[in-house]
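Chain residues, written in single-letter form:
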Amino acid sequence: MKIAVLGSTGSIGTQTLQVVRELNSRQESSCNPHVDIIALAAGSNVELLAEQAIEFNVSILSVKTPEDALKLKNIFKEQCKAYNPQIFYGEEGLINVATSPVMLLVTAIVGMIGLKPTLAAIDKGIDIALANKETLVAAGDIVMKRAKEKNVKILPVDSEHSAIFQALNGVNSRDRSALKKIILTASGGPFRGMSFESLEKITPQEAMQHPTWNMGNKITIDSATLMNKGLEVIEAMHLFDVKPNEIEVVVHPQSIVHSAVMYKDGSVIAQMGNPDMKVPIQLALTYPYRADSYTKELDLAEIGSLTFERPDFGAFKCLAHAFFAAEHGGTLPAVMNGANETAVGLFLNNKIGFNDIQYNVIKVMQEHMVSNECPFLKEPSLDDVLIADKWARTFILNETIGGLK
Ligand code: MG
């Protein structure tokens, strides 16, 4: 099976390549396909991309800038003269990787930057293993409609959505009318139980310590503010065609129950496992089959107890506002997402405080609902979504509240 990966040097990208190594190390079968990596895109981690490219003999590569592309070429010239892949950069490069001759594109890239390449792949009829949740948050209606038209599968990689997908027995085959609600679990992040006031002084270093999952920077901060769960509510809404009031968020600190589905007879089907992203990644690569796994087996007796509690919407206001964005739809989720991406970047660079992420996201969302400059649109086109996203980012950079340090 031929695949391409956007964001190959990030957390999900490197784990995807590890899954490919593991699948290719075993006897090939219909459950355990041999995977050929045809194209890889990364940002500026040129050294790691070069290693990956040589190891998997990848023919199409993309990096962030022309300088990165030159650096990559020079590495190959020094280390591996016979190897001569096509090298691209920037947005065009991402699209070239996304539309390479493959069956499946893994979108492991972080942020809105994944939207255009994902749509380009869908237009070519390439199935998507979706780890780039921002794409669905900002333009879920457009992406899902296009996928349906092109008969393209969107296979969730996000652990919660993979769990729901499995509990629904594959998104296409479920009995819709029997579904009552989706129970989306959240670890609660590192600051579970803290008050809004006590969150004020949290530093980026503290926010980067996630209790159960080891992830990239942006998603780790999103997990600490619970915005990640908010984004996942919207992601689930689009992936499984449910309304926000059919999604319940439950905090489950052990991260063993990855999410669940409640049917109308009261039966709840949950998917469980040790927290390891390689499991949902592998399922997206082998679906509809399951391959063997090197992941540590779940030992329920060893774990002992699993606990659940309601989220604290007062301390973690982003989650409440994500539900608001989910209900309103239109351009509001794109604005929320653009504002959040920008605010998280400012926080990671010590420009704003932890709670300022929430303040800023809420402020931009409120502004958007009354704005003449960037009015709320209920049924936006792709261009409308991109404009709203850009407006939200600029608004935050120009009018950041919470005091720049
Ligand atoms: Mg998740």
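Computed from a prediction, not measured in an experiment: that's the story for all the values here. All residue numbers refer to positions counted from 1 along the written sequence of the respective chain. Predicted model: local features are reported for residues with pLDDT of at least 70 only, side-chain atom pairs are reported and counted for 80 or more only, and whole-chain, interface and lining totals are derived from all residues. The basis for the side-chain values is all heavy atoms of the structure; hydrogens and waters are excluded.

A. Highlighting the coordination of the magnesium ion. Each metal's donors are the N, O and S atoms found within 2.8 Å of it, except that Na, K and Ca use a 3.2 Å limit; water is left out, so coordination can look incomplete. Within the protein, the magnesium ion binds to Asp-158 (OD), Glu-160 (OE) and Glu-232 (OE); these donor distances fall in the range 2.1 to 2.2 Å. Mapping the donors of the magnesium ion onto the primary sequence yields the spacing D-x1-E-x71-E. Note that Glu-160 is positioned in helix α7 (residues 159-167) and Glu-232 in helix α11 (residues 227-240), a separation of 72 residues in sequence. Runs of E in the DSSP output that reach at least two residues are strands. Runs of H or I that reach at least four are helices, and both are numbered from the N terminus.

B. How the structure looks around the packing of helix α2 (residues 46-56) against helix α3 (residues 66-79). Following both chains from N to C, one finds α2 and α3 inclined at 50°, their axes separated by 10 Å at the closest point. Judged by the angle between their axes, α2 and α3 are oblique. Here the hand of the crossing between α2 and α3 comes out right-handed. Listed contacts from α3 to Val-46, Glu-47, Leu-49, Ala-50, Ala-53 and Ile-54 of α2 are Asp-68, Lys-71, Leu-72, Ile-75, Phe-76 and Gln-79. Nonpolar residues are Ala, Val, Leu, Ile, Met, Phe, Trp, Tyr, Cys and Pro. Charged residues are Asp, Glu, Lys and Arg, and all others, Gly as well, are polar. Per-class residue counts for the contact of α2 with α3 are eight nonpolar, one polar and three charged. To define axes, lines are fitted to C-alpha atoms, for helices over the stretch in contact only, and angles between the resulting N-to-C directions are given on a 0 to 180 degree scale. The labels follow the angle: roughly parallel below 35 degrees, roughly antiparallel above 145, roughly perpendicular from 65 to 115, and oblique for the rest. Two helices that cross are described as forming a left-handed crossing if the nearer one is turned anticlockwise from the farther one by less than a right angle, and a right-handed crossing if clockwise. In what follows, a contact means two residues having at least one pair of non-hydrogen atoms within 4.5 Å.

C. Spotlight on the packing of aromatic side chains. To pair, rings of Phe, Tyr and Trp, with the six-membered ring standing in for Trp, must have centres within 6.5 Å; the planes then decide the type, stacked if under 30 degrees apart, edge-to-face if over 60, and tilted in the middle. For the structure on display, the rule yields seven aromatic pairs. On the numbers, 5.4 Å between centres and 80° between planes, the contact of Phe-191 with Phe-354 is edge-to-face. Taken together, the positions of Phe-191 in the loop between β8 (179-186) and α8 (196-199) and Phe-354 in helix α16 (residues 354-370) put the pair 163 residues apart, joining distant regions of the chain. Exposure class is identical for Phe-191 and Phe-354. Each is buried. Ring geometry for Phe-347 versus Phe-354: centroids 5.6 Å apart, planes at 65°, classification edge-to-face. Exposure is judged per residue with a 1.4 Å probe applied to protein chains only, and the accessible area is read against the type maximum: over 50% gives exposed, under 20% gives buried, and values in between give partly exposed.

D. Examining the sheet that holds β8 more closely. Pairing in this open sheet of four strands is mixed, and the strands run β9-β8-β10-β11 from one edge to the other. Looking at which strands have only one partner, the edges of the open sheet turn out to be β9 (247-251) and β11 (268-272). Each strand axis lies, on average, 20° off the axis of its neighbour in the sheet, ignoring direction. Two strands pair under a simple rule: DSSP has to find at least two bridges between them. Pairing of strand β10 (residues 257-263) with β11, which is carried by five bridges, proceeds in the antiparallel orientation. Residue pairing across strands places Ala-260 opposite Ala-270, the latter belonging to β11. Sheet strands in contact with α7 are β8, β10 and β11, and its direction is about 40° off that of β10. Across the sheet, α11 touches β8 and β9, and the angle it forms with β8 is around 150°.

E. Layout of the domain arrangement of the protein chain. Its domain assignment divides the protein chain into domain 1 (2-156), domain 2 (163-303) and domain 3 (329-398). Of the residues lining the interface, 18 residues belong to domain 2; the matching set on domain 3 comes to 15 residues. What gets called buried area is simply the loss in accessible area from a 1.4 Å probe that two parts show on being joined, summed for both. Both sides together, the interface formed by domain 2 and domain 3 hides about 1,500 Å², and carbon and sulfur atoms give 73% of it. Sorting the residues of domain 2 by area buried against domain 3 places Phe-196, Pro-204 and Met-227 first, and these three jointly supply 31% of that buried surface. Basic side-chain nitrogens of Lys or Arg form a salt bridge, by our definition, when they fall within 4 Å of a carboxyl oxygen of Asp or Glu. Where domain 2 packs against domain 3, one counts zero salt bridges. What qualifies as a polar contact is a pair of N or O atoms within 3.5 Å, subject to a donor-acceptor requirement within protein and to the restriction that residues adjacent in sequence count only when both atoms come from side chains. Applying the counting rule to domain 2 against domain 3 returns three residue pairs in polar contact (both at pLDDT 80 or more). Ranked by residue count, the leading element in the side of domain 2 that touches domain 3 is helix α10 (residues 217-225), at six residues. Taken together, the residues of the side of domain 2 that touches domain 3 break down into 12 nonpolar, three polar and three charged. Throughout the structure description, domain borders are defined by an automatic or database domain assignment.

F. Spotlight on the nonpolar core. Here the nonpolar core consists of buried residues drawn from Ala, Val, Leu, Ile, Met, Phe, Trp, Tyr and Cys, with membership extended through side-chain atoms lying within 4.5 Å. Membership of the largest hydrophobic core comes to 128 residues, with the highest contact counts inside it found for Ile-3, Leu-61, Leu-72, Phe-240 and Met-336. The element contributing the most residues to this core is helix α15 (residues 332-348), with nine residues.

G. Here's a closer look at empty space enclosed by the protein. The way it works is a 1 Å grid over only the protein atoms, where trapped points that fit a 1.4 Å probe form a cavity and open points with protein on both sides within 12 Å along at least five of seven lines form a pocket, and then any residue with an atom within 4 Å of a point lines it. Grid points are joined across faces, edges and corners, and a volume is the space filled by probe spheres set on the points. Considering all chains together, one arrives at one cavity of 30 Å³ or more under this definition. Space inside the largest cavity adds up to approximately 40 Å³. Contributing to the lining of the largest cavity are Leu-155, Pro-156, Ser-162, Phe-165, Pro-280, Leu-283, Ala-284 and Tyr-287. Counting residues per element, the ones that place at least two in the lining of the largest cavity are β7 (154-156), α7 and α12 (278-286). Per element, the largest residue contribution to the lining of the largest cavity is three residues, and it comes from α12.

H. Representation of the sheet that holds strand β1 (residues 2-6). Judged by pairing direction, the sheet is parallel, and its seven strands sit side by side in the order β4-β3-β2-β1-β5-β6-β7 without closing on themselves. A single partner strand is all that each edge strand has here, and the edge strands are β4 (86-89) and β7. Taking the axes of each pair of neighbouring strands and ignoring which way they run, one obtains an average angle of 20° across the sheet. As paired strands, strand β5 (residues 104-107) and strand β6 (residues 127-130) are joined by four bridges and run parallel to one another.

I. Region of the structure containing helix α5 (residues 115-123). For α5, the buried fraction is high: seven of the nine residues fall into the buried class. Within α5 the residues assigned to the buried category are Leu-115, Pro-117, Thr-118, Leu-119, Ala-120, Ala-121 and Ile-122. Two residues or fewer past α5, Gly-125 is found with a positive phi of approximately 80°.

J. Broad picture of the pairing of β6. Burial of the side chains of β6 extends over both faces: Asp-127 and Ala-129 are buried on one face and Ile-128 and Leu-130 on the other. The definition of a right-handed crossover adopted here requires that, viewed with the strands pointing away, the path from the first strand over the helix to the second runs clockwise. In this fold, the crossover linking β5 to β6 by way of α5 has right-handed handedness. As judged from the three bridges shared by β6 and β7, these two strands associate in the parallel manner. If you follow Ile-128 over to β7, its bridge partner there is Ile-154.

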